[in-house]
Every structure is written in structure tokens, then in C-alpha cells.
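Read off the chains here:
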Amino acid sequence: MTVRHMYIFKTVCECQSITAAAGKLNMTQPAVSVAIKELESFYQVKLFERMNRTIYLTEAGNTLREYADSILDQFEEAEAVLRDGTSMARCRLGVNVSVGETFLPGMLKLLEEKIPGIHMEVLVGNTVTIEEKLNENEIDFAVVDGLKDQTRRVIQPLFRGEMAAVCAPSYGPHGPVTVKELAGYRLLLREKGSGNRVCIDAMFDSHGCSARPVVDSISDLSLLKLAEEGFGITILPRELAAEQLVAGRLKEVKLTDDTLERQYFIAYNKKKYLTGRMKEVLQVLKL
């Protein structure tokens with residue numbers, strides 16, 4: 001089997017149509033069909049089923065697709081690295097928003113000090129976006145506090161981050177509260193899919209209650225501003241609220257029966273080829 005067979009197979013999977021895949025690949029429909037038949041003959045399995053003029057992957061097809069994605073990702077990566085010498089010094093890092101707003105500057109400074117000449121490319125997004133980019137091999141490493149798909153990853157702990165529930169001095173309780181009591185206040189939280197929200201939802205769930213925020217936002221800054229104005233309680237990394245807490249514009253709401261803490265990890269795909277510089281980045285960040 002050749003890389004060409006894998007490209008054709010992957011394109012048919014994406015298009016769910018032999019005809020559409022042929023158009024995308026600038027090939028004839030019979031040529032695409034022949035390539036698929038050659039794959040099926042080689043592996044002695046049926047890769048697609050046709051139902052109502054649409055084709056669907058069989059179980060064997062799904063298995064091959066996982067390998068095809070990995071094979072093609074590594075082939076393209078090897079080609080880019082070997083043809084472009086600067087790629088050997090490059091490392092693409094994806095971090096979730098909480099890391100981007102707190103730990104990222106220190107991480108980049110440390111990497112530049114420890115690895116002269118390193119070329120870092122950084123993507124900041126919510127955890128769902130970062131995991132998608134990891135799947136598509138658009139980043140080399142992800143620094144997040146949780147991933148849905150852990151079976152195909154190497155995941156190693158990095159550091160812990162403290163969070164705080166904060167609100168305006170004129171709002172909220174006058175002393176410590178339980179998690180269930182906290183759930184009864186107006187909550188201002190990050191959006192579903194963010195690592196912050198996953199952590200918070202897990203905490204409430206472990207206490208038999210749920211968070212029903214009056215505001216969902218992708219912006220930590222907007223949540224802090226709303227909390228300062230007395231619209232509710234927000235839960236964010238402590239560093240983000242440090243200035244307002246010191247100035248007295250916000251107060252902290254302590255919990256009596258839990259701690260607000262997040263464990264952050266660095267993750268990469270198990271079949272990922274790590275260049276020398278990538279290995280150095282991994283070693284520095286794990287210090």
C-alpha cells in the first residue's frame with residue numbers, strides 16, 4: 001500500500017462520497033473506486049457500506065482511518081521538517097485560556113532562557129479547541145487541565161493552579177459556605193468546553209448539585225468586571241483576581257468542604273515524532 005492509497009481513503013472518509021472525493025482529488029470516479037478496492041483486497045476487509053446513496057465506514061474502516069490519519073500526519077511532518085531546516089527549531093504549543101492568562105508568559109521566558117534559538121508558536125483557546133488542534137497535528141504539545149480522548153495521548157502532570165470564588169464586597173455571603181450553598185448564588189462562569197468550566201462542573205457534581213450560571217462567557221475579563229459590579233460570583237484562577245482582591249474591589253468566598261484547585265498536564269500524541277528541540281521543550285516544562 002502507498003501513501004497515495006491512504007490519501008484517497010482519507011478523502012473518501014471526509015467526503016462520504018466516491019464522486020465528491022474524486023472531484024476533490026482531481027481524479028476520475030473509477031480511479032478512486034479502484035484504489036478503495038485495492039485497499040480492501042490488500043487487507044481482506046470491507047471498508048465501506050452503501051446505504052441510501054451514502055457510504056459509511058465499517059468497523060474495519062474506522063480502524064484503518066485512525067492509522068491513516070496518523071500515517072499521513074507523520075509523513076507530512078517528516079516532509080516539512082526535512083525540507084525546511086527551520087522546522088527543526090520550531091515547537092508548536094497549544095494552551096487553554098487559563099494557562100494563557102496566567103502561566104504562559106513565565107513558560108515562554110523559561111524556554112527562551114533554557115533553549116537559545118527556540119522558535120515557539122503558541123495557540124491560546126479553550127480546551128475543546130486545543131484538543132481538536134492536537135488531533136489534527138496542528139500543535140505539538142497541549143497544556144491543559146483535561147482531555148476527552150486520553151487513549152492516544154502521552155499525558156504528564158506539570159503543575160497545580162489555585163482558583164478562587166470571588167464577588168463584590170456588597171454581594172454574596174459574609175463567611176465561608178459549602179459547595180451546595182455556593183450553587184444557590186448567581187454564578188458567572190466560563191463557557192462549556194473550557195477547562196475552567198469542566199473543573200467547576202466536576203466539583204459541583206461531586207457534591208450532588210449543579211452550576212446554573214446566569215452568565216456564560218469566553219472572557220475572564222468580562223466575568224471579573226461583572227463580579228466587581230455585584231452581578232454574582234465568578235470562579236477563576238486566583239492570579240486573575242489578585243489585583244482586585246488586594247484593592248478591595250472583590251472579596252473571596254471560601255469553601256468549607258472542598259478546595260478550588262486545578263491540575264495541569266502536558267499532552268502529545270503517542271505516535272508523535274519528537275524532534276530534538278521538542279524533547280528539550282518537554283524536559284524544560286516538566287522541571
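Above this note sits the structure.
Let us look at the structure shown here. (Residues numbered from 1 in each chain as written. Predicted model: local features only at pLDDT ≥ 70, side-chain atom pairs only at ≥ 80, totals over all residues. Heavy atoms only, no water.)

Check the secondary structure of the protein and you find 12 helices and 11 strands. What you see for the protein is a C-alpha radius of gyration of 24 Å, clearly larger than the 19 Å of a compact globule of 287 residues, by over 25%. Over its C-alpha atoms, taken along the principal directions, the protein stretches across nearly 75 × 55 × 30 Å. Residue burial in the protein is summarised as follows: out of 287 residues, 45% are buried. The protein carries 36 positive and 39 negative side-chain charges, and their two centres are separated by 3 Å. (Helix = DSSP H or I, 4+ residues; strand = E, 2+ residues; numbered from the N terminus. Rg over C-alpha atoms; globule rule 2.2 N^0.38 Å. Buried < 20%, exposed > 50% of the residue type's maximum accessible area, 1.4 Å probe, protein only. Lys, Arg positive; Asp, Glu negative; His and termini not counted. Charge placed at Lys NZ, Arg CZ, Asp CG, Glu CD.)

Take the environment of Ala 241 next. You can see Ala 241 is positioned in helix 11 (residues 238-247). The sequence separation of Ala 241 and Lys 270 amounts to 29 residues, and the corresponding C-alpha distance is 37 Å. Those residues in contact with Ala 241, other than ones at most four positions away along the chain, are Val 166, Leu 224 and Leu 250. (Contact = heavy atoms within 4.5 Å.)

Let us now look at helix 6 (residues 104-114). All of the buried residues along helix 6 are Leu 104, Met 107 and Leu 111. For helix 6, the arc enclosing every buried residue in end-on projection is 60°, short of the 170-degree limit, so these residues lie on one face. Along helix 6, exposed side chains directed more than 90 degrees from the buried face belong to Pro 105, Lys 109, Glu 112 and Glu 113. (Arc of directions from axis to C-beta.)

Within strand 3 (residues 90-96), 6 of the 7 residues are buried, which leaves it mostly tucked inside the rest of the structure. Across 7 bridges, strand 3 lies against strand 4 (residues 119-125) in parallel orientation. Looking at the pairing, Gly 94 lines up with Leu 123 of strand 4. Here strand 3 runs beside strand 5 (residues 141-144); their pairing, made up of 3 bridges, is parallel. When the bridges of strand 5 are listed, Gly 94 appears paired with Ala 142. (Pairing = 2+ DSSP bridges.)

In this structure, Ser 217 sits in strand 8 (residues 215-217). Filtering out sequence-adjacent residues up to four positions away, Ser 217 remains in contact with Leu 189, Arg 190, Glu 191, Ser 222 and Leu 223.

Tallied over the entire structure, the rule returns 7 aromatic pairs. Plain terms: the ring middles of Phe 159 and Tyr 264 are 5.3 Å apart, the flat faces sit at 40° to each other, and that makes the pair tilted. On the criterion of sequence distance, the pair formed by Phe 159 in strand 6 (residues 153-167) and Tyr 264 in strand 11 (residues 261-269) is long-range, its members being 105 residues apart. Joined through ring pairs, the aromatic side chains of Phe 103, Phe 159 and Tyr 264 make up one cluster. (Phe/Tyr/Trp six-rings, centres within 6.5 Å; stacked < 30°, edge-to-face > 60°.)

With that settled, the discussion passes to the state of the cysteines. Summed over the entire model, instances satisfying the criterion amount to 0 disulfides. Between Cys 199, a free cysteine, and Cys 209, which holds the nearest cysteine sulfur, the sulfur-to-sulfur gap is 14 Å. (Disulfide = S-S within 2.5 Å.)

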